[in-house]
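What the coordinates show
Now for the letters of each chain:
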Amino acid sequence: MAESHLPQIAILGAGIFVKTQYIPRLAEISHLFVLKAIWSRSEESARSAVELATKHFPSVECKWGDAGLDEIIGDASIIGVAVVLAGQTQVEMSLRLLKGGKHVLQEKPAAACIAEAEKALMHYNSMAASMTRQPIWAVAENYRFEPAFTESNKMIAEIGDIVNIQVIVEGSMNSSNPYFSSSWRRNFFGGFILDMGVHFVAGLRMLVGCEVASVSSLTSHVDMTLPPPDNISALFQLENGCSGVFVMVVSSRSPKIVWRVVGLNGTLQVERGNKDGKHGYSVSIYTADGQSKSFFYPFSGVAEELKTFLSHISLSRQKEEEGRGLKGEPRMSYVEGCRDIAVLEAMLESGHKQGALVHVKRF
């Protein structure tokens, strides 16, 4: 595709995730778009990210502060923006860009809480109703794009009716983790449980293809180097009546992340690990006849979701030229991101109420 026809995008944010994930993953698919600008609140921060990006995108512009943001919003050539900022400011920034007619890919979590998410959705829907072209509002949840989960979702039928589900997460959020001292995550309601937990809930929902209806959980705060709570033990029930457990420890000396679904005809397990030096997921399926099959899928969710967003905004422009609208990819919809938060918020609320049953807010 000629460069003049490629979608032009900007990135808001210049933190760890932009430097270690967005820039390298976008560099791998640089033939699909033009990176026009990177913005940050401070000039120093913006320049540090632009310096990294220039190796792959020589013409990328450096923008900062209110003036730089206004320039991005006012630049008609920029049709898509990735919002990779502190969780407390992302929604407000996304709505501002959407109002300016930009398609937005916002990093997870979709909002700081359900109240903010509901208010934001109302705002977006009323704003979009008065616009001739409805901009796409996508949430970047790479677990919904990991081949391990998309393929496991297809295999789930092989194990028959689901009897029980276990999600065990023993994280590694200690002082050697680059996100450990991230101030916005520490000031977040639910701390790392909410910020990290949306991934594991997304994996669960993707795997079983069913919504969580209610939860009952206990939380506590043991590791004082982490914000409260630092662990959660929850019982949950799906809308189809199946039950399961969700256990999450923010920091463990022996990290382990596994989803295990037990069915009448077998068991399906997805476990995070590495093979031949590549990080990813081992998927194992055990069937009633005693047979088992195993597959390994390297991580590629971030690249896949970026490709999907770019292809949708390109297609959206094409449809507009033909006078037709386009809905974004359902896995990336803002509502999907809200559903992940709703489950975690219900678990945290139940923990606050010493295990009282809490119904998950429906979106």
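The rules behind the values
Residues numbered from 1 in each chain as written. Predicted model: local features only at pLDDT ≥ 70, side-chain atom pairs only at ≥ 80, totals over all residues. Heavy atoms only, no water. UniProt positions renumbered as here; feature names shortened; annotations may be inferred. Helix = DSSP H or I, 4+ residues; strand = E, 2+ residues; numbered from the N terminus. Rg over C-alpha atoms; globule rule 2.2 N^0.38 Å. Buried < 20%, exposed > 50% of the residue type's maximum accessible area, 1.4 Å probe, protein only. Contact = heavy atoms within 4.5 Å. Areas by Shrake-Rupley, 256 points an atom, 1.4 Å probe, with all protein chains shown as cover. Lys, Arg positive; Asp, Glu negative; His and termini not counted. Charge placed at Lys NZ, Arg CZ, Asp CG, Glu CD. Polar contact = N/O pair within 3.5 Å; in protein donor to acceptor, adjacent residues only side chain to side chain. Expected span 1.5 Å × (residues − 1). Arc of directions from axis to C-beta. Salt bridge = Lys/Arg side-chain N within 4 Å of Asp/Glu carboxyl O. Pairing = 2+ DSSP bridges. Core = buried A, V, L, I, M, F, W, Y, C linked by side-chain atoms within 4.5 Å.

The name given to the protein chain in an unreviewed UniProt entry is Gfo/Idh/MocA-like oxidoreductase N-terminal domain-containing protein, with the source organism recorded as Cuscuta campestris. Check the Sequence similarities (unreviewed entry) section of the UniProt entry for the protein chain; it says "Belongs to the Gfo/Idh/MocA family."

The next thing to look at is the overall build of the protein chain. The secondary structure content of the protein chain amounts to 10 helices and 15 strands. For the protein chain, whose C-alpha radius of gyration is 21 Å, the value lies close to the compact-globule estimate of 21 Å for 363 residues. Projecting the C-alpha coordinates of the protein chain onto the three principal axes gives extents of approximately 55 × 45 × 45 Å. Classification of the 363 residues of the protein chain by burial places 52% in the buried group. A fraction of 69% describes how many contacts in the protein chain between residues 6 or more apart in sequence connect residues 24 or more apart. Surface exposure of the protein chain reaches about 16100 Å², of which carbon and sulfur atoms provide 52%. For the protein chain, the distance from the average site of its 35 positive side-chain charges to the average site of its 38 negative ones is 1 Å.

The next subject is the environment of K102. Note that K102 resides in the loop between α4 (90-99) and β5 (103-107). On the basis of relative accessibility, which here comes to 3%, the residue K102 falls in the buried class. Once the C-alpha coordinates of K102 and I72 are considered, the two residues, 30 residues apart in sequence, prove to be 9.7 Å apart. The residues contacting K102, other than those within four sequence positions of it, are I72, I73, D75, A76, I78, I79, V81, L97 and P135. Of note is the side chain of K102, whose polar atom sits 2.8 Å from the backbone oxygen of I78.

Before going further, it helps to examine helix α5 (residues 114-129). Over its 16 residues, α5 runs 22 Å from end to end, which matches the ideal 22 Å to within 8%, given 1.5 Å per residue. Turning to α5, its buried residues are I114, A117, A120, L121, Y124, M127 and A128. For α5, the buried positions fall inside an angular range of 155 degrees around the axis, keeping them on one side. Turned more than 90 degrees from where α5 packs its buried face, A115, K119, M122 and A129 sit exposed. The elements touched by buried residues of α5 are α4, β6 (137-140) and α10 (334-352).

This model, assessed by the stated rule, comprises 21 salt bridges. Here R362 and E239 are joined by a salt bridge, their closest N and O atoms 3.5 Å apart. Of this pair, R362 sits in the segment after β15 (358-359) while E239 sits in the loop between β9 (231-238) and β10 (243-249), placing them 123 residues apart in sequence. Overall, the relative accessible area of 65% leaves R362 in the exposed class. Of the charged contacts in the structure, one is a salt bridge between E271 and K256, with a shortest N-O distance of 2.8 Å. Taken together, the residues span a long stretch of sequence, with E271 in strand β12 (residues 266-275) and K256 in strand β11 (residues 251-263) at a distance of 15 residues. Accessibility expressed as a relative area gives 22% for E271, which makes it partly exposed. Several salt bridges converge on common partners, so that one network encompasses R144, R205, E211, E336, R339 and D340.

On to the sheet that holds β9, then. Taken in spatial order, the 9 strands line up as β14-β13-β12-β11-β7-β10-β9-β8-β15 in an open sheet, and their pairing is mixed. At either end of the open sheet lies a strand with only one pairing partner, and these are β14 (292-298) and β15. Looking at chain direction, strand β13 (residues 278-287) and β14 are connected through 7 bridges and run antiparallel. Of the residues in β14, the one forming a bridge with S282 is F296.

Bringing the nonpolar core into the picture now. L12, W137, I165, F200, F246, W259 and Y334 are the most contacted members of the largest nonpolar core, which has 82 residues in total. No other element matches helix α8 (residues 191-208), which puts 12 residues into this core. Residues in contact with Y334, not counting those within four places in the same chain, are V91, Q106, A110, A111, A117, A120, L121, W137 and V139. Judged by nonpolar contacts, the second largest core, of 32 residues, contains A46, F57, F145 and I313.

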